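A closer look at the structure
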Amino acid sequence: MTVTIDGRPVSAPAGMPVLEVARGHGVELPGLCHHPGLPPAGACRLCLVQVEGRAGRDLVAACQLPAAEGLRIRTSTPALSETRSMMFALLLASTGGAPWVRAAARAAGVDPAMQGPWAAVTAGVEPDPCIQCGRCVRACAAVGRGLLQFMGRGDARRVAMAGRVESPGGAPTPAAGLTDCLGCLACAAVCPSGAAPWSLSGDRWHNQRWRASVPARRCPACDRPYTSHSLPDEVARRLGGDAAGGWPRMGGRFRAGLCPACRRRAAARMTASGAGAHGLLPST
Amino acid sequence: MREIFIDPGRCLSCHSCELACAVAHSRSGSLEAAIGEQPPPRARLWVEPLNGGGVPIQCNQCADAPCVAVCVTGALTPDERRGTVGYQPPLCIACTLCGVACPFGLIVYDAGSRRMLKCDLCAGRAAPACVEACPTGALTFGDPVELQRGRRREILKRLQASSMLTGSRAGGR
């Protein structure tokens, strides 16, 4: 299937977001909310492209535009520049000019000092580096928890961890009957703003923004904390096994719950003894 | 279908394979430029110390791989053509399930790229960079049947050299 980008025909798999098609062919498009591993959301509106031959409403977010035969788009037109500048102005205003948004604006050729009339509109809003792109929300859903959600409306709209109740003198805990955060920390890994970092302190991972903390798991061999407490159990469950009874699919050859570094040590011993997966003959 | 074979007896723990791996997966692809790159390029294999020597280990490209079974984005999928566990880093959201699922601890989180790292057998190269860099032949790349045949011949030669088979007609070609 062929899509024409700025007059250049390129081949693309049907249905692939045009944003990914363009970037795959070296066409730079701004965009802060898209992640190729997550469903498109069209939240930041920065990857706008102009669809040729479409009267009115021809500015479309490329992340939500599936590649289709004969599709012709422009990535740089006066209308696009104007609209993109406005989108950046809005993001700059709502984040109080967060450095990472300023950098993104500069990279897209937009003057980050320009905040236009929007600066006044959002004057009372507390600055927050989060642009509500929803990558964390989508990542949490992809992992199968779906605890991170948009909450509130208008100025009060925020991403928050759902289902938590205040507990006296400590971090909020999950409400009765709800599964807790898995502690996979993907929300922080996919976040473009760095607004929701996790940190390990004592025996728990903490996230201030989500007002959450999850217990860490220590390796039974080296005693180092290496993941959250519940993640290995969840992985074992998904693999149809039981972490306590040895690692599923490996005939119980591995001690359950070892950290990756200690598993590598065990794998090296296996390889050297000729029992590794590589079917070694004795060393020559 | 070709695989990496490990001969721990030949490993000198020189870590050339790790260096070559990091350079091969750097943006620039050259050692001089890779040293200064941010985020720093990282290796996808490890020389594990063992009994005073070393054992280079990397992704086993498992059939029915646990990492593939738990991947939630499709970043890890079986590559039927190459017979490997295919990995598309752009799709990775670093939920780390694969890293915990890997029985050998060979998929790790990279804070620089905020994605998981896994050996891709250097797709696009004739042989993996680690194999090309290994000065002693501790790492070799080839068809498993051919490699095993080579090993058998080598053992046979050693047996002949130690005169255990002198006079017999059991020589190979």
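What comes next is a walk through the structure. Bear in mind the structure is a predicted one, so any value in this text is a computation, not a measurement. Numbering of residues starts from 1 in each chain and follows the order in which that chain's sequence is written. For this description, chains carry letters from A and ligands carry numbers from 1, given in the order in which they are written. For this predicted model, a pLDDT threshold of at least 70 governs which residues receive local features, and a threshold of 80 or more governs which side-chain atom pairs are given and counted, while totals over whole chains, interfaces and linings are taken from all residues. Just so you know, side-chain values use all the structure's heavy atoms and leave hydrogens and water out.

Structural notes on the overall build of chain B
Scanning chain B from terminus to terminus reveals six helices and eight strands. Starting at the N terminus, the α and β elements of chain B follow one another as β-α-α-β-β-α-β-β-α-β-β-α-β-α. The C-alpha extent of chain B, read off along each of the three principal axes, is 65 × 35 × 30 Å. At a minimum sequence separation of 6, the contacts of chain B that also span at least 24 residues come to 55%. Counting only carbon and sulfur atoms, one obtains 54% of the accessible surface of chain B, whose full area is about 8,600 Å². In DSSP terms, a helix is any run of H or I states spanning at least four residues, a strand is any run of E spanning at least two, and both are numbered starting from the N terminus. Between two residues, a contact is recorded if the distance between any of their heavy atoms is within 4.5 Å. Shrake-Rupley sampling with a 1.4 Å probe provides the accessible areas, and residues are treated as covered by the protein chains on show and by no other component.

Some remarks on the interface of chain A and chain B
The interface of chain A with chain B comprises 42 residues on the first partner and 45 residues on the second. Regarding the contact of chain A and chain B, the summed buried area is about 3,700 Å², with carbon and sulfur atoms giving 64% of it. Here a salt bridge means any side-chain nitrogen of Lys or Arg lying within 4 Å of a carboxyl oxygen belonging to Asp or Glu. One salt bridge in this structure joins Glu48 of chain B and Arg264 of chain A, with 3.5 Å as the shortest N-O distance. The term polar contact refers here to a pair of N or O atoms within 3.5 Å; inside protein, the definition further demands a hydrogen-donor-capable atom paired with an acceptor-capable atom, and it admits residues adjacent in sequence only when both atoms are side-chain atoms. Taken together, the connections running from chain A to chain B amount to nine residue pairs in polar contact (both at pLDDT 80 or more). Among the elements of the structure, helix H5 (135–143), helix H6 (186–190), helix H7 (231–238) and helix H8 (260–272) of chain A are those that each provide at least two residues to the side of chain A that touches chain B. Per element, the largest residue contribution to the side of chain A that touches chain B is ten residues, and it comes from H8 of chain A. Of the residues in the side of chain A that touches chain B, the class split is 28 nonpolar, eight polar and six charged. The buried area of a pairing is the accessible area, by a 1.4 Å probe, that goes missing from both parts when the two are put together, added over both. Residue polarity is assigned by list, with Asp, Glu, Lys and Arg as charged and Ala, Val, Leu, Ile, Met, Phe, Trp, Tyr, Cys and Pro as nonpolar; anything else, Gly included, falls into the polar class.

Overview of the environment of Arg82 of chain B
Residues and elements named next belong to chain B. Assignment of secondary structure puts Arg82 in the loop between strand E4 (76–79) and strand E5 (84–87). Note on classification: 1.4 Å probe, protein chains only; a residue is buried when its accessible area is under 20% of the maximum for its type, exposed when over 50%, partly exposed between these limits. Residue Arg82 is classed as partly exposed on the basis of its relative accessible area of 23%. Measuring from C-alpha to C-alpha, the distance between Arg82 and Met1 comes to 6.2 Å, with 81 residues separating the pair along the chain. For Arg82, the contacting residues outside a window of four places in its chain are Met1, Asp120, Leu121, Cys122 and Ala123. Here the side chain of Arg82 touches Leu121 through a polar contact of 3.4 Å, landing on its backbone oxygen.

Here we look at the environment of Tyr226 of chain A
All names here are of chain A. Mapped onto the secondary structure, Tyr226 falls in strand E13 (residues 225–228). A C-alpha to C-alpha distance of 24 Å links Tyr226 and Ser193, two positions 33 residues apart in sequence. When neighbours within four sequence positions are excluded, Tyr226 is seen to be in contact with Arg217, Arg218, Cys219, Pro232, Gly257, Leu258, Cys259, Pro260 and Arg263. From its side chain, Tyr226 meets the backbone oxygen of Leu258 in a polar contact 3.5 Å long.

Examining the pattern of salt bridges
All names here are of chain A. Summed over the entire model, instances satisfying the criterion amount to 15 salt bridges over all chains. The partner of Asp128 in a salt bridge is Arg158, and the shortest N-O contact between them spans 4.0 Å. Residue Asp128 is found in the loop between helix H4 (118–121) and H5, and its partner Arg158 is found in strand E7 (residues 158–161); the two are separated by 30 residues along the sequence. Residue Asp128 is classed as buried on the basis of its relative accessible area of 12%. Among the residues examined, Arg158 registers a relative accessible area of 31% and is labelled partly exposed. For Arg218, the salt bridge goes to Asp203, with nearest N and O atoms at 2.9 Å. Of this pair, Arg218 sits in strand E12 (residues 212–218) while Asp203 sits in the loop between strand E10 (199–201) and strand E11 (204–207), and the two are 15 residues apart along the sequence. Using a relative accessible area of 33% as the deciding quantity, one classes Arg218 as partly exposed. Overall, the relative accessible area of 40% leaves Asp203 in the partly exposed class. Among the charged side chains, a salt-bridge network with shared partners connects Glu52, Arg72 and Arg74.

As for the environment of Val51 of chain A
All names here are of chain A. Relative to the helices and strands, Val51 resides in strand E3 (residues 48–51). A residue is classified by how much of its surface remains accessible, and Val51, at 6% relative accessible area, is buried. On a C-alpha basis, the gap between Val51 and Ile5 in space is 9.6 Å, while along the polypeptide they are 46 residues apart.

Quick notes on the packing of helix H2 (residues 78–94) of chain A against helix H3 (residues 99–107) of chain A
Residues and elements named next belong to chain A. Contact pair H2 / H3: the axes reach a minimum separation of 9 Å and the direction vectors enclose 165 degrees. In terms of axis orientation, H2 runs roughly antiparallel to H3. Where H2 crosses over H3, the handedness of that crossing is left-handed. Counted together, Phe88, Leu91 and Leu92 of H2 and Val101, Arg102, Ala104 and Ala105 of H3 form the full contact between these two elements. Lines fitted to C-alpha atoms define the axes, with helix axes restricted to the stretch in contact, and inter-axis angles between N-to-C directions lie between 0 and 180 degrees. Any angle that is under 35 degrees is reported as roughly parallel, and any over 145 degrees as roughly antiparallel; angles of 65 to 115 degrees are reported as roughly perpendicular and all others as oblique. Crossings are classed by handedness, with left-handed meaning an anticlockwise turn of the near helix from the far one by less than a right angle and right-handed meaning a clockwise turn.

Re the side chain of Asn207 of chain A
Residue and element names in this part refer to chain A. Position of Asn207 relative to the elements: it lies in strand E11. Overall, Asn207 belongs to the buried group, its relative accessible area being 2%. Polar contacts involving the side chain of Asn207 include one to the main-chain carbonyl oxygen of Ala196, which spans 3.0 Å. With residues near it in sequence (within four places) discarded, Asn207 still touches Ala196, Pro197, Trp198 and Ala212.

A few points about the sheet that holds E12 of chain A
The strands making up a sheet associate through hydrogen bonds between their backbones, and the pairing can be parallel or antiparallel. Residue and element names in this part refer to chain A. If you trace the four strands from one edge of the open sheet to the other, you get E10-E11-E12-E13, paired in antiparallel fashion. Pairing within the sheet leaves two strands with one partner each, and these edge strands are E10 and E13. Averaged over all neighbouring strand pairs, the angle between strand axes comes to 40 degrees, with direction disregarded. A pair of strands is labelled paired if DSSP reports no fewer than 2 bridges between them. Sheet analysis places E12 next to E13, joined by three bridges and oriented antiparallel. Of the residues in E13, the one forming a bridge with Ala216 is Ser228. Along the sheet face, H7 touches E12 and E13 and points at about 60 degrees away from the line of E13.

Looking at the nonpolar core
Side-chain atoms within 4.5 Å are what join buried Ala, Val, Leu, Ile, Met, Phe, Trp, Tyr and Cys residues into a set we call a nonpolar core. Ile4, Ile57, Cys67, Leu76, Ile107, Cys130 and Leu139 of chain B are the most contacted members of the largest nonpolar core, which totals 45 residues. Excluding residues within four positions of it along the chain, Leu139 of chain B makes contact with Ile4, Phe5, Ile6, Cys17, Leu45, Pro56, Gln58, Cys130, Val131 and Cys134 of chain B. Counting residues in each nonpolar core, the second largest holds 21 residues, with Ile5, Leu29, Val51 and Ile73 of chain A among its members.

Keep in mind these numbers describe shape, not what the thing actually does.
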